[in-house]
Amino acid sequence: MYTVELVHAEETHRSPNGGSGKNLADIIRTECLSLSKGAIFRQSPFVPGGHAQTIYAFLGYYVYYTYGLLWPKFTREIFRLADGGKVALDWALCDNHTERPIVTILSGVTGTSDDFYVRKCYNKLIAMNYSVVVVHSRGCGGLRLATPLPFHCGFTDDYREVIADIRNRLPKCPLLGLSFSLGANIMTKYVGEEGKNCPLVAAISVGNPYDMYKVIRHLDSQTFSLSKVYDFAILNFLKTAFKKDQKLILSAPADFDVRKISKSSTILEFTEEMTSKAFGYKSAKDLLDDSSCGRVLENIRIPMLFLNSLDDPICLQPLIPYDKLTKNPCLILALTDHGGHIGYMGKIWPSSWIEHPVSQFFQSMVAHYGTLSIKKLP
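Treat the numbers as computed from the prediction; the structure is a model and nothing was measured.

Each value, and the rule that gives it
- Residues numbered from 1 in each chain as written.
- Predicted model: local features only at pLDDT ≥ 70, side-chain atom pairs only at ≥ 80, totals over all residues.
- Heavy atoms only, no water.
- Helix = DSSP H or I, 4+ residues; strand = E, 2+ residues; numbered from the N terminus.
- Rg over C-alpha atoms; globule rule 2.2 N^0.38 Å.
- Buried < 20%, exposed > 50% of the residue type's maximum accessible area, 1.4 Å probe, protein only.
- Contact = heavy atoms within 4.5 Å.
- Lys, Arg positive; Asp, Glu negative; His and termini not counted.
- Charge placed at Lys NZ, Arg CZ, Asp CG, Glu CD.
- Salt bridge = Lys/Arg side-chain N within 4 Å of Asp/Glu carboxyl O.
- Phe/Tyr/Trp six-rings, centres within 6.5 Å; stacked < 30°, edge-to-face > 60°.
- Lys NZ or Arg CZ within 6 Å of the ring centre and 35° of its normal.
- Polar contact = N/O pair within 3.5 Å; in protein donor to acceptor, adjacent residues only side chain to side chain.
- Core = buried A, V, L, I, M, F, W, Y, C linked by side-chain atoms within 4.5 Å.
- Patch = residues over 30% accessible without salt bridge, like charges linked within 9 Å, V, L, I, M, F, W, Y side chains within 5 Å.
- Areas by Shrake-Rupley, 256 points an atom, 1.4 Å probe, with all protein chains shown as cover.
- Expected span 1.5 Å × (residues − 1).
- Pairing = 2+ DSSP bridges.
- Axes fitted to C-alpha atoms, helices over the stretch in contact; angles between N-to-C directions.
- Parallel < 35°, antiparallel > 145°, perpendicular 65-115°, else oblique.
- Nonpolar A, V, L, I, M, F, W, Y, C, P; charged D, E, K, R; others polar.
- Left-handed = near helix turned anticlockwise from the far one by under 90°.

Caption draft 1: View of the overall build of the protein chain. Secondary structure summary: the protein chain contains 13 helices and 11 strands in total. Against the compact-globule benchmark of 21 Å for 378 residues, the protein chain has a radius of gyration of 20 Å, which places it among compact chains. The buried share of the protein chain, reckoned over its 378 residues, is 59%. Long-range pairs, those at least 24 residues apart, make up 78% of the contacts in the protein chain between residues at least 6 apart in sequence. Across the protein chain, the centroid of the 41 positively charged side chains sits 3 Å from that of the 36 negatively charged ones.

See the structure below:
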C-alpha cells in the first residue's frame with residue numbers, strides 16, 4: 001500500500017480563523033494535497049526499503065555541503081545564551097521578512113543546515129516567501145562549546161531562548177517549527193512543556209523517536225544488522241564532539257571517568273558516563289526517560305503534524321504512541337509505508353517528497369491560525 005494514512009482524535013481542534021468551521025483534520029485533508037484523502041507516497045524503485053531510503057538521504061548531505069561551500073544560502077548568527085553558551089543560527093531571510101512567517105528548523109543529532117532534507121524544505125519555503133532559520137545545538141554546526149555544558153536529546157532550554165529572542169525581534173512574524181529525528185524529539189518536548197503559552201503557530205515532527213531510551217536500546221542491540229551502522233555513526237559523532245571540547249567539559253564539577261567515556265562501545269554507555277553526569281542525572285536511563293517527548297504529548301496546544309514511515313529502521317513503528325496521539329485533538333499523525341528514517345525518496349528517479357507536505361501544512365496553518373500571536377487552544 002502507498003496511501004498516506006492520517007491518524008488522529010475522533011474530533012480535532014476547530015480553526016479559530018476564517019469562520020470556515022473546519023477542524024484540523026478537515027483542513028489537512030482538503031488543503032494539503034500530499035496528505036489529502038487518497039494521497040500516496042511511492043518509494044523510488046532505485047531506493048527500495050527503509051535502509052536504502054535512510055542512507056540515500058544521509059549521503060545527500062555531502063552533495064549539499066559542497067554546494068553550500070560554493071553557493072552559500074545562509075547567513076550565520078552566533079547567538080549568545082543566558083548561561084554564557086552560544087549556538088549557531090543559520091538564517092535565510094525572505095522579502096518583507098519583518099512580517100512574513102519564519103520557519104525554525106531543528107535537525108538530527110548529526111544535523112546541520114547542509115542536510116539533504118533541510119535543504120529540500122528550505123528551497124520550497126523560500127519559494128513561498130517564508131524565512132528560514134536552522135537552530136544548531138550548542139557545540140554543533142562547526143561551533144565549539146563556550147561553557148562546560150554540552151547538549152542532550154531532550155535539552156529544550158537553548159531552543160526556548162532562541163524562540164523568545166526571535167519573537168521579541170520580529171513580533172509580527174508567525175513562527176513555525178520544523179524538526180527532524182532527534183530535533184523532532186527536542187521540539188516536540190518544548191511544545192509540550194510550553195503548553196498553551198507556546199509562541200509557535202504550528203509545528204511539524206519528522207521521524208520522531210518518541211521514546212529515547214527504547215530507541216537507543218534498539219540501536220545498541222543491533223550486531224548483525226545495517227542498523228548497527230547508524231548506532232556506530234551516532235556514537236562516533238558523540239565521542240568526536242566530546243573529544244573536541246573535552247578539556248572544557250571536564251572542568252565541570254562532575255565525576256567523569258575519561259577512560260570509560262573514551263572506551264564506550266554503545267550510545268547508552270556514553271550517555272551513562274558523560275551526558276548523564278554532565279547534566280546531573282543518576283543514570284543514562286533517567287536522562288533518556290526524562291528527555292522523551294512522548295510523556296508530554298497530551299500537553300501540546302498548537303496544531304502539530306507528525307510524519308513517520310513504517311519502515312523506519314531507527315524510530316520503530318511499535319514505539320509510535322498511538323494512544324497519546326489520538327487523544328489530543330491538536331495532533332495529526334501521517335503514516336507512510338515507506339520512506340525510511342527521513343528519507344522519503346519517491347518517483348522513478350529518486351526525488352524528495354518531504355518538502356511537499358511540509359510546505360502545504362504550514363501554508364494552511366498560517367491561513368487558519370496565523371493571526372494569533374500566542375496560541376491558547378483549549
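Caption draft 2: Spotlight on the pattern of salt bridges. Throughout the structure, instances matching the rule amount to 17 salt bridges. Of the charged contacts in the structure, one is a salt bridge between Asp114 and Arg119, with a shortest N-O distance of 3.1 Å. By relative accessible area, Asp114 is classed as buried at 14%. In this structure, the salt-bridge partner of Asp157 is Arg160, at a minimum N-O distance of 3.4 Å.

Caption draft 3: Molecular detail of the packing of aromatic side chains. Under the counting rule described, the total for this entry stands at 11 aromatic pairs. Plain terms: the ring middles of Phe41 and Trp353 are 5.1 Å apart, the flat faces sit at 45° to each other, and that makes the pair tilted. Taken together, the residues span a long stretch of sequence, with Phe41 in the loop between helix H1 (24-31) and helix H2 (50-70) and Trp353 in the loop between strand E11 (351-352) and helix H13 (355-369) at a distance of 312 residues. With respect to class, Phe41 is no different from Trp353; both count as buried. On the basis of an interplanar angle of 45° and a centroid distance of 4.5 Å, the ring pair of Tyr117 and Phe180 is categorised as tilted. Pair noted here: Tyr117 is in helix H3 (residues 116-127) and Phe180 is in strand E6 (residues 175-180), with a separation of 63 residues, a long-range link. There is no split in this pair, since Tyr117 and Phe180 are both buried. Counting every residue linked through ring pairs, the aromatic cluster contains Phe41, Tyr344 and Trp353. Lying across the ring of Tyr2, Arg42 places its NZ or CZ 4.5 Å from the centre.

Caption draft 4: Structural context of the environment of Thr112. Relative to the assigned elements, Thr112 resides in the loop between strand E4 (102-106) and H3. One polar contact links the side chain of Thr112 to the main-chain amide nitrogen of Asp114, over a distance of 3.0 Å.

Caption draft 5: Layout of the nonpolar core. With 70 residues, the main nonpolar core has Val191, Leu200 and Phe306 as its most contacted residues. When residues no more than four places from it in sequence are discounted, the contact partners of Val191 are Cys198, Leu200, Ile300, Ile302 and Met304. Membership of the second largest hydrophobic core comes to 44 residues, among which are Leu24, Val134, Phe180 and Val206.

Caption draft 6: Main features of a nonpolar patch on the surface. On the surface, Ile55, Phe58, Leu59, Leu226 and Val229 cluster together into a nonpolar patch covering about 430 Å² of accessible area. By the secondary structure assignment, Leu226 is in the loop between helix H6 (212-221) and helix H7 (227-244).

Caption draft 7: Spotlight on H13. Taking 1.5 Å as the rise per residue, H13 with 15 residues should run 21 Å; its terminal C-alpha atoms sit 21 Å apart, in good agreement. Counting buried positions along H13 gives 12 out of 15 residues, so the element sits mostly inside the fold. What H13 keeps buried is the set Glu355, Pro357, Val358, Ser359, Gln360, Phe361, Phe362, Ser364, Met365, Val366, His368 and Tyr369.

Caption draft 8: Up close: the sheet that holds strand E3 (residues 86-92). Strand order in this open sheet of 9 strands is E1-E9-E8-E7-E6-E4-E5-E3-E2, and the pairing throughout is mixed. Looking at the sheet topology across the chains shown, the edges are occupied by strand E1 (5-8) and strand E2 (75-80). Mean inter-strand twist for the sheet, computed between neighbouring axes without regard to direction, equals 20°. Of the strands in this sheet, E3, E4, strand E5 (131-135) and E6 are in contact with H3, which crosses E6 at around 155°. Lying on the sheet, H13 is in contact with E4, E6, strand E7 (202-206) and strand E8 (304-309); it crosses E7 at an angle near 160°.

Caption draft 9: Molecular detail of the packing of helix H10 (residues 267-278) against helix H11 (residues 284-291). Where H10 contacts H11, the axes come no closer than 8 Å and their chain directions differ by 90°. Judged by the inter-axis angle, H10 sits roughly perpendicular to H11. In this structure, H10 uses Leu268, Thr271, Glu272, Thr275 and Ser276 to contact H11, whose residues at the interface are Ala284, Leu287 and Leu288. Of the residues belonging to the contact of H10 with H11, the class tally is 4 nonpolar, 3 polar and 1 charged.

Caption draft 10: Highlighting the packing of H6 against H7. Where H6 contacts H7, the axes come no closer than 8 Å and their chain directions differ by 110°. Here H6 lies roughly perpendicular to H7, going by the angle between them. For the element pair H6 and H7, the recorded crossing hand is left-handed. Residues His218, Leu219 and Asp220 of H6 pack against Ser227, Lys228, Tyr230, Asp231 and Ile234 of H7. For the contact of H6 with H7, the class distribution of residues is 3 nonpolar, 2 polar and 3 charged.

Caption draft 11: Fine view of the environment of Ser265. Inspection of the secondary structure assignment puts Ser265 in the loop between helix H9 (258-262) and H10. For Ser265, a relative accessible area of 44% translates into the label partly exposed. In the structure, Ser265 is positioned 95 residues away from Leu170 in sequence and 45 Å away in space, judged by C-alpha atoms.

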